[in-house]
Amino acid sequence: MNIADTALAQGFDGLLAIAGDTVTFRGVSVSAVVDWTPFDEKPPGANLPDFDEQSTSRIEIKTSDVASIPIVGEIITTSGPAYHRIAKVKFNGSAWILECEVTL
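Residues numbered from 1 in each chain as written. Predicted model: local features only at pLDDT ≥ 70, side-chain atom pairs only at ≥ 80, totals over all residues. Heavy atoms only, no water.

**Student:** Run through the overall build of the chain, naming residues and quoting values.
**Tutor:** Assigned secondary structure in the chain consists of 1 helix and 6 strands. Written out in order from the N terminus, the α and β elements of the chain read α-β-β-β-β-β-β. Evaluated residue by residue, the chain yields a buried proportion of 27% over its 104 residues. Summarising the internal contacts of the chain: among those between residues at least 6 apart in sequence, 52% fall at separations of at least 24. A total accessible area of about 6600 Å² is found for the chain, and carbon and sulfur atoms account for 57% of it. (Helix = DSSP H or I, 4+ residues; strand = E, 2+ residues; numbered from the N terminus. Buried < 20%, exposed > 50% of the residue type's maximum accessible area, 1.4 Å probe, protein only. Contact = heavy atoms within 4.5 Å. Areas by Shrake-Rupley, 256 points an atom, 1.4 Å probe, with all protein chains shown as cover.)

Structural data, given as structure tokens:
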């Protein structure tokens, strides 16, 4: 691992320690960062109003906490009645970034 990857991993571990949530993924509780800020689905420069009322979230989970790549359509549950269905999967080198559609 190079210096940048090491710093990124340490920063993410620090973020999990300060602002991490426990989520359930594949029947196992894991630590994750849950961002309820909606992800942008519209192309840049499009001057179209967004009438989509679907709630969205972005969840980051360390790659070492899951056995295999998360799959679109899988469900993550958080505290409360929220279900997060994975819509997009990205990888940043040390964590899976999961953009989700939320059902409350």
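That covers the picture; the talk isn't over yet.
**Student:** Lay out the sheet that holds strand S3 (residues 55-62) in plain terms, naming residues and giving numbers.
**Tutor:** Taken in spatial order, the 6 strands close into a barrel running S1-S2-S3-S6-S5-S4, and their pairing is antiparallel. In this sheet, neighbouring strand axes are inclined to one another by 45 degrees on average, regardless of whether the strands run parallel or antiparallel. Bridging between strand S1 (residues 21-25) and strand S2 (residues 28-35) involves 5 bridges; their strand directions are antiparallel. Within the sheet, the bridge partner assigned to Thr24 lies in S2 and is Ser29. (Pairing = 2+ DSSP bridges. Axes fitted to C-alpha atoms, helices over the stretch in contact; angles between N-to-C directions.)

**Student:** Give a detailed account of the packing of aromatic side chains, specifying residues and quantitative values.
**Tutor:** Applying the stated criterion across every chain, the model contains 1 aromatic pair. The interplanar angle of 50 degrees and the centroid separation of 5.0 Å between the aromatic rings of Phe91 and Trp96 together place this pair among those described as tilted. Residue Trp96 is classed as buried on the basis of its relative accessible area, which comes to 13%. (Phe/Tyr/Trp six-rings, centres within 6.5 Å; stacked < 30°, edge-to-face > 60°.)

**Student:** I'd like a rundown of unusual backbone geometry, residues and numbers included.
**Tutor:** Even without being glycine, Arg26 reaches a positive phi, approximately 60 degrees. Tracing the sequence through the fold places Arg26 in the loop between S1 and S2.

**Student:** Break down the side chain of Ser57 for me, citing the residues and quoting the values.
**Tutor:** As for its placement among the helices and strands, Ser57 is situated in strand S3. Within the structure, Ser57 has its side chain in polar contact with the side chain of His84 (distance 2.7 Å). (Polar contact = N/O pair within 3.5 Å; in protein donor to acceptor, adjacent residues only side chain to side chain.)

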